[in-house]
Amino acid sequence: MKKILWSLMLLAGLLIWNSCDDDERVDYQYLPAAIHRFVDTYFVDVQVIKAEKSDDEPRYGVWLSNGFELKFYSEGGWQEVDGNLQVLPSALQIGILPGNLLSYTATQYPNAGIVEVSRHSWGYEIELNTAPITELKFNNDGHVVVSGED
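As a convention, each chain's residues are numbered from 1 in the sequence order in which they are written. Restriction of local features to residues with pLDDT of at least 70 applies here, the model being predicted, together with a cutoff of 80 or more for giving and counting side-chain atom pairs; totals for whole chains, interfaces and linings are based on all residues. With hydrogens and water excluded, all non-hydrogen atoms of the structure serve as input to the side-chain values.

1. Some details on the overall build of the protein
Labels follow the DSSP assignment, with helices taken as runs of H or I lasting at least four residues and strands as runs of E lasting at least two, numbered in each case from the N terminus. Secondary structure assignment for the protein yields four helices and nine strands. Traced from its N-terminal end to its C-terminal end, the protein shows the element sequence α-β-α-β-β-β-β-α-α-β-β-β-β. Residue burial is assigned from relative accessible area. The probe radius is 1.4 Å, only protein chains are included, and a residue is buried under 20% of its type maximum, exposed over 50%, and partly exposed in between. For the protein, buried positions account for 35% of its 150 residues. Two residues qualify as a contact provided that any one of their heavy atoms is within 4.5 Å of a heavy atom in the partner residue. Taking contacts inside the protein between residues at least 6 apart in sequence as the whole, the part at least 24 apart equals 38%. Of the roughly 9,200 Å² that the protein leaves accessible, carbon and sulfur atoms contribute 53%. In short, Shrake-Rupley with a 1.4 Å probe defines the accessible areas, and a residue's cover is counted only from the protein chains shown.

2. Some thoughts on helix 4 (residues 99-108)
Helical periodicity: at 3.6 residues per turn, an α-helix aligns residues three or four positions apart in one direction. When helix 4 is considered as a whole, its buried residues turn out to be Leu101, Leu102 and Thr105. All buried residues of helix 4 lie within an arc of 95° about the axis, which places them on one face of the element. The directions from the helix axis to the C-beta atoms are what the arc is built from.

3. Quick word on the pattern of salt bridges
One speaks of a salt bridge when a side-chain nitrogen belonging to Lys or Arg is within 4 Å of a carboxyl oxygen belonging to Asp or Glu. Under the definition given, this model contains one salt bridge. The salt bridge partner of glutamate 52 is lysine 50, with a shortest N-O separation of 3.5 Å. On the basis of relative accessibility, which here comes to 14%, the residue glutamate 52 falls in the buried class.

4. What about the confidence of the model for the protein?
What pLDDT reports is the predictor's confidence in each residue, on a scale of 0 through 100. Scored by pLDDT, the protein comes out at a mean of 88, with 82% of its residues at no less than 70. Here residues 5-20 is modelled with pLDDT under 50, and outside its nearest four sequence neighbours on either side it reaches zero contacts, counting other chains as well.

5. Thoughts on the packing of aromatic side chains
Each Phe, Tyr or Trp ring, with Trp reduced to its six-membered ring, pairs with another whose centre is within 6.5 Å; inter-plane angles below 30 degrees give stacked pairs, above 60 give edge-to-face pairs, and intermediate values give tilted ones. In total, this model carries five aromatic pairs according to the counting rule given. The interplanar angle of 65° and the centroid separation of 5.1 Å between the aromatic rings of phenylalanine 38 and tyrosine 42 together place this pair among those described as edge-to-face. Here tyrosine 42 and phenylalanine 38 lie together in helix 2 (residues 33-42), a separation of four residues that amounts to about one turn. Ring geometry for phenylalanine 43 versus phenylalanine 68: centroids 5.2 Å apart, planes at 55°, classification tilted.

6. What about unusual backbone geometry?
That bond from alanine 131 to proline 132 is cis: its omega, 0°, falls within 30 degrees of zero. Assignment of secondary structure puts proline 132 in the loop between strand 7 (123-128) and strand 8 (134-139). A positive phi is found at leucine 85, a non-glycine position, where the angle reads about 75°. As for its position among the elements, leucine 85 is in the loop between strand 5 (78-82) and helix 3 (90-96).

Here it is, written out as structure tokens:
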């Protein structure tokens, strides 16, 4: 009987925890103008299929019809671009990443493409479409600080 009661309590706790999602669906048109500029600049003619707002950072999530997922800080600055194993568009890479970072990856991984990038206070983290996936970390000036494979 104790096992059944314990299992029911555990199940109830999991259900309550799972329903406490901080993300709230929002209409894309009400997101900050900086997010609209980012999407309009780098994802021309790609439809926004979902937008969410969270109380945490990153504050906004945007899902695009081409499979890309974007995350933004509260003021609208980008935090993460995830291509879900699709290579990020060249114009986007050139527009948001330091030249040193792009030069390093082109030289050291000439047959790989950047499929995910995130921006942090200390710099950038990228993933390359190598097998296995290669993760690289760069400082804010675009100089490599840590590299490794998953």
